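# Residue-level structural notes
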Amino acid sequence: MKTLETLKHGISPSIDASTGNRTTYSAMKKSALFFGVMAAVTVAQATDISWSGGTADYTNAPSWVGGVVPGAADTAINDSGSNNVVRIRVGNPDWAVSQIRAGNGAGDGSFTQDGQTIDLSGINAGTGYRTSLRLGLAAGNSGIYTLNGGVLDYTNDSFNVGELGTGILNFN
């Protein structure tokens, strides 16, 4: 004979063999909901990730400090010299990052985009200030971004070209 609980939820209550207590659907449901929410909650930590390699495609993880290509919540920084270019080329995957910076304070830097779509969210963690592309942030540093092809996509943000240093934004 089916109980009301079985008919209501399609699950029969079980008996805990060690205590003799019934485990009801409600308790199981609350536990499953709690653990499901806990597993689904993730906190995206924005990280500044700097380029340390020579000229190479942005997908070359060993050229990034820590060996990880910056992702959607991260800032991609190139201060390793304007001759050490971070390339975004036709055939690379599209790339989503929070910001792109060159000439950030530790030296000059350069990015060249020949294809693909770059999505910039422009979030400056903890400041409420939004910029997507920052070139020549620090005095005495230069930052260069050359767009030869592809799409540079940003929403509700600004580009800072030559904040305290020299910024160059080329459209070819």
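Figured I'd write up the structure that's included with this text.

What counts and how
Residues numbered from 1 in each chain as written. Predicted model: local features only at pLDDT ≥ 70, side-chain atom pairs only at ≥ 80, totals over all residues. Heavy atoms only, no water. Pairing = 2+ DSSP bridges. Helix = DSSP H or I, 4+ residues; strand = E, 2+ residues; numbered from the N terminus. Axes fitted to C-alpha atoms, helices over the stretch in contact; angles between N-to-C directions. Salt bridge = Lys/Arg side-chain N within 4 Å of Asp/Glu carboxyl O. Buried < 20%, exposed > 50% of the residue type's maximum accessible area, 1.4 Å probe, protein only.

Read across the open sheet, the five strands follow the order 3-5-8-11-14; overall the sheet is parallel. Every interior strand has two partners, whereas the edge strands, strand 3 (48–50) and strand 14 (158–161), have only one. Within this sheet the neighbouring strands show an average axis-to-axis angle of 15 degrees, counted without direction. Note: strand 11 (residues 131–135) against strand 14, four bridges, orientation parallel. Note on strand 14: the bridge partner recorded for Thr-131 is Ser-158.

Evaluated as defined, the whole model comprises three salt bridges. For the salt bridge of Arg-89 with Asp-57, the shortest nitrogen-to-oxygen distance reads 2.9 Å. Taken together, the residues span a long stretch of sequence, with Arg-89 in the loop between strand 6 (85–88) and strand 7 (95–97) and Asp-57 in strand 4 (residues 56–57) at a distance of 32 residues. Judged by relative accessible area, which is 14%, Asp-57 ranks as buried. One salt bridge in this structure joins Glu-163 and Arg-134, with 2.7 Å as the shortest N-O distance. Here Glu-163, found in the loop between strand 14 and strand 15 (166–171), pairs with Arg-134, found in strand 11; they are 29 residues apart in sequence, far enough to count as distant.

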